[in-house]
Amino acid sequence: MDLSKCFDTLDHEIMIKAVSERISDGRVLELIRKFIKVGVMNSGNFYKTEVGSPQGGVCSPLLSNIYLNLFEQKMMSKGIRIVRYADDILIFAKDKNTAGDYKTYATKVLEED
């Protein structure tokens, strides 16, 4: 699976909440908040970032890994083996039907969060 628009749709408040479960230093949390709200330049125009983390940004892979940690935990709790880096996910299954079931479950988990 490759999560379409994963970086573009990260909810900032969910992200900060997830990070704050591991990091209590307010200065670090504020720095991360600044990274995700810094905005982007595109063709000479500045755009605010109310959601998401710019793909290719220095923190984007780290932030998406933090953001998707709960997804990974839910998959593992069902005994589903996955390998994930940022928005790329491999789901391992014994056969095609099981793989389809796992993908359906993964989609459900991702859409509810």
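In case you missed it, the structure is sitting above this.
The numbers attached to residues start from 1 for each chain and follow its sequence in the written order. Confidence filtering applies because this is a predicted model: local features only for residues at pLDDT of at least 70, side-chain atom pairs given and counted only at 80 or more, and all residues used for totals across whole chains, interfaces and linings. Side-chain descriptors were evaluated using all non-hydrogen atoms of the structure, hydrogens and water having been removed beforehand.

Draft legend 1. How the structure looks around helix 1 (residues 12-20). Each residue gets one of three labels from its accessible area relative to the maximum for its type: buried under 20%, exposed over 50%, partly exposed in between, using a 1.4 Å probe on protein chains only. Helical segments are the DSSP runs of H or I of at least four residues, strand segments are the runs of E of at least two, and each set is numbered from the N terminus. What helix 1 keeps buried is the set H12, M15, I16 and V19. Along helix 1, the residues classed as buried sweep out an arc of 95° about the axis, all on the same side. Contact criterion: two residues are considered in contact whenever any of their non-hydrogen atoms come within 4.5 Å of each other. Of the surrounding secondary structure, the elements contacted by the buried residues of helix 1 are helix 2 (26-37) and helix 3 (60-67). In this description, the arc belongs to the directions extending from the helix axis to the C-beta atoms.

Draft legend 2. Just a nonpolar patch on the surface, in detail. Together, L31, F35 and V58 make up an exposed nonpolar region whose accessible area comes to about 310 Å². Along the chain, the position of V58 falls in the loop between strand 2 (45-47) and helix 3. Candidate patch residues must exceed 30% relative accessible area and have no salt bridge, after which like charges are joined if within 9 Å and Val, Leu, Ile, Met, Phe, Trp or Tyr side chains if within 5 Å. Residue burial considers only the protein chains on display, and all accessible areas are found by Shrake-Rupley using a 1.4 Å probe. We define a salt bridge as a contact between a side-chain nitrogen of Lys or Arg and a carboxyl oxygen of Asp or Glu at a distance within 4 Å.

Draft legend 3. Structural detail: the packing of aromatic side chains. Pairing of aromatic rings covers Phe, Tyr and Trp, the last through its six-membered ring, and needs centres within 6.5 Å; plane angles under 30 degrees mean stacked, over 60 mean edge-to-face, and all others mean tilted. For the structure shown, the criterion picks out 0 aromatic pairs. Any Lys NZ or Arg CZ found within 6 Å of a ring centre and within 35 degrees of that ring's normal is scored as a charge over the ring. Lying over the aromatic face of F92, R81 brings its terminal NZ or CZ to 5.0 Å of the ring centre.

Draft legend 4. Focus on helix 2. Take the residue count of a helix, subtract one, and multiply by 1.5 Å to get its expected span. The terminal C-alpha atoms of helix 2, which comprises 12 residues, lie 16 Å apart, in line with the 16 Å expected from a rise of 1.5 Å per residue. Along helix 2, the residues that are buried comprise L29, I32 and I36. One side of helix 2 carries all its buried residues, which in axial view fall inside an arc of 60°. Opposite the packed face of helix 2, turned more than 90 degrees from it, sit the exposed residues R27 and K34. Next to the buried residues of helix 2 lie helix 1 and helix 3.

These results come straight from atomic positions and should not be treated as a statement about function.
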